[in-house]
Amino acid sequence: MTTPQFLAPAAVETARKELFLLAARALADKGAQEPGDRLASLVGGLVTDDAWLRGFLGWTRERPALRGFTLAATVELVHARLTAKLGTAAEARQLINEVLVRADEPGELLAYAIHRLGRSFPKPIRDGVAKAVERLYDEHAIAVHDAEDAPMRFSEVIGLTHPKPVGKQSDVFQYAALRLKRPTPVPGSLTALKARAELHAVPTEKRPRQLDRPDIAELFATAAMTWRDVAVWLGGEMTEKAWAAVLRSMSVRERLAQLPAFESAGLASEIADWVIADLAEESSVTRGRAMPMEIWAAYRSVPSSRWSWALEKALQHSLTQVPVLSGRTLVLVDRSAAMARQADAAAVFAAALALRSPSVELVQFGPAIEPVTMETTLLGTLGRFRRPGGGQTVAQAVREHAQKHDRVIVLTHPAAAVEAAEAVTAPGHEHVITEVNDGWFAAIPAIELARTGAWPF
């Protein structure tokens, strides 16, 4: 574990920028989401910069993609402050407790702390996790999060931290421990787990007939059975009746991903109509944080189907999740043959940026170097891109179109990344993206904040 090294005042801003940049890149790059020694070193160096670090953790905590990053950074901060004898144990305990908001997170944070510090990690971390467990662990938490592949099982977290149960939580804690040792009856007080046990007690061959029960959807909900749980319970085959029973408990993003399965199962018209209406509703798309590229993937997975109208609406609604970029922006989209694998993804990303920000200029290169004519809809704009092919390069595109832009974004393939970085030499914000995904919508403005030190907190 890195020992805190107090930075000179001039180095503090540099460390802030680098730490924020680590988080910004992790929004889009899954490889960057794995914290390492550099995270510990940066947090240790900023250990006296308490207000900024707490603001930073508040910002990362609000972004689901940075959940693991936030837990790791919190452990590093608490350890660094305790090592430097800054603050109190109570403050450290409170910070750990506050950062844990989901029932799977106490185990994740403890697993990280043990990996970094060993099993003799600081007591305030242990006590903060215990307080969070008292708040988060209930029978629904066991049903959803206490899985075999979890970083740490509930019983181990409880054994390490010794939380104080309240009411029927005693039964929760005891059951979490006993069920790992031997088959254990579910206490009567734990109605959700009891309902789940009763469902699993039904012989496998008789389970499909349970789907004819008029209350099956309510029973699955009572038993905290997700659609994945129901699929396992049925032996892997989700029928039309099974989907109908779990649809309302699924998130918008889950429904988008499962549209081909709905179509294969022959979802009844009245059930499909409800899904269609929900997908076409702006508030549903916004609340579910559905993004343009995942909606486009769903659109392509069920071509010329009854879902198309709703997905076209959802695509337009999803643009509200795309940032409005300030200043003049040039987006260069590689349409060469090497981009065949992600050509459509790059076009969707670029079109979404251009439709969201009136100051975005969209240019394609490959078959030809030319501006892309904007339409009023995302689908209409996609139709203006050429088929992948040709030999026009990013360097040529930059020479012809980069003219005092505040920002240049290049969407290309990995083999062209160096050429793109060398071609874009004008001062300002430059982004060369070789693996396009929805995370870059949030990452681009965050990376620019890191470069300028204009903190959002």
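Relevant structure appears above.
Residues numbered from 1 in each chain as written. Predicted model: local features only at pLDDT ≥ 70, side-chain atom pairs only at ≥ 80, totals over all residues. Heavy atoms only, no water.

Examining the overall build of the chain
Then, in step 1: Counting its secondary structure elements, the chain contains 26 helices and five strands.
Then, in step 2: Expressed along its principal axes, the backbone C-alpha trace of the chain runs to roughly 70 × 65 × 35 Å.
Then, in step 3: Among the 457 residues that make up the chain, the fraction classed as buried is 50%.
Then, in step 4: Of the contacts made within the chain by residues no fewer than 6 positions apart, 68% connect residues no fewer than 24 positions apart. (Helix = DSSP H or I, 4+ residues; strand = E, 2+ residues; numbered from the N terminus. Buried < 20%, exposed > 50% of the residue type's maximum accessible area, 1.4 Å probe, protein only. Contact = heavy atoms within 4.5 Å.)

Some points on the packing of aromatic side chains
The geometry of an aromatic ring pair is captured by the separation of the ring centres together with the interplanar angle, meaning the angle of the planes.
Then, in step 1: Applying the stated rule across the entire model yields 16 aromatic pairs.
Then, in step 2: Centre to centre, the rings of Phe20 and Phe457 are 6.3 Å apart; their planes meet at 35 degrees, and the pair counts as tilted. Here Phe20, found in helix H1 (residues 9–26), pairs with Phe457, found in the segment after helix H26 (439–452); they are 437 residues apart in sequence, far enough to count as distant.
Then, in step 3: With a relative accessible area of 0%, Phe20 lands in the buried category. (Phe/Tyr/Trp six-rings, centres within 6.5 Å; stacked < 30°, edge-to-face > 60°.)

What to know about the pairing of strand E5 (residues 429–433)
Then, in step 1: Here E5 shows one buried face, formed by His429, His431 and Ile433, and one open face, formed by Glu430 and Val432.
Then, in step 2: Pairing analysis gives five bridges linking strand E4 (residues 407–411) to E5, with the strands arranged parallel. Note that in E5 the partner of Ile409 across the bridge is His431.
Then, in step 3: Read as a crossover between parallel neighbours, the route from E4 over helix H25 (residues 417–423) to E5 is right-handed. (Pairing = 2+ DSSP bridges. Right-handed = clockwise from strand over helix to strand, strands pointing away.)

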